[in-house]
Amino acid sequence: HLDLASTQDNLGLVYRELGEHRRALECLHAALAARQQALGPAHREVATSKINLAAVMNQLSDADGALRYWREAAEVLEALPEQSLELGKTYNNMAVVLEGRGGGETPG
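Conventions used here
- Residues numbered from 1 in each chain as written.
- Predicted model: local features only at pLDDT ≥ 70, side-chain atom pairs only at ≥ 80, totals over all residues.
- Heavy atoms only, no water.
- Helix = DSSP H or I, 4+ residues; strand = E, 2+ residues; numbered from the N terminus.
- Rg over C-alpha atoms; globule rule 2.2 N^0.38 Å.
- Buried < 20%, exposed > 50% of the residue type's maximum accessible area, 1.4 Å probe, protein only.
- Contact = heavy atoms within 4.5 Å.
- Areas by Shrake-Rupley, 256 points an atom, 1.4 Å probe, with all protein chains shown as cover.
- Lys, Arg positive; Asp, Glu negative; His and termini not counted.
- Charge placed at Lys NZ, Arg CZ, Asp CG, Glu CD.
- Core = buried A, V, L, I, M, F, W, Y, C linked by side-chain atoms within 4.5 Å.

(A) Layout of the overall build of the chain. Helix and strand counts for the chain come out as 5 helices and 0 strands. Ordered by position from N to C terminus, the α and β elements of the chain give α-α-α-α-α. The C-alpha atoms of the chain give a radius of gyration of 13 Å, which matches the 13 Å a tight globule of 108 residues would have. With respect to the principal axes defined by its C-alpha atoms, the chain has extents near 40 × 35 × 20 Å. Residue burial in the chain is summarised as follows: out of 108 residues, 39% are buried. Excluding contacts between residues fewer than 6 apart, the proportion of contacts in the chain whose partners are at least 24 apart in sequence is 50%. Carbon and sulfur atoms form 52% of the exposed surface of the chain, whose accessible area is close to 6000 Å². Looking at the chain, you have 10 positive and 15 negative side-chain charges, and the mean spots of the two groups are 2 Å apart.

(B) Spotlight on the nonpolar core. Judged by nonpolar contacts, the single largest core of 26 residues is most densely connected at L53, L67, Y69, W70 and L77. Those elements that provide at least two residues to this core are helix 2 (21-39), helix 3 (44-59), helix 4 (63-79) and helix 5 (85-101). Ranked by residue count, the leading element in this core is helix 4, at 8 residues. Dropping the residues within four chain positions of it, L53 is found in contact with L25, L28, H29, L32 and Y69.

(C) Region of interest: the side chain of K50. Among the secondary structure elements, K50 is positioned in helix 3. Discounting residues that sit within four places of it in the chain, K50 has contacts with L32, Q36, Y69, E72 and A73.

In structure tokens, the structure reads:
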């Protein structure tokens, strides 16, 4: 399951780079589902899948969807014993989207 999830995630990233966002979303959703099933919801790889989904949704101008996945990823990353740069990048991405909205909302 995890090898397939990694392949799906990588394909999703390739499709994203090619500008094929709908195909990217299909692959990334499949990778997320496989990782959640194999690893549970509170694993770093699950957070990574959510971050990748958020990035594609943001490119598709789906700010609400992007923020939802970034927030979910941040919750997982915050709960892990060791913090990572990924958490800071996630907060930064959320802040950029929220600033673009002009609202007073905060990332965390």
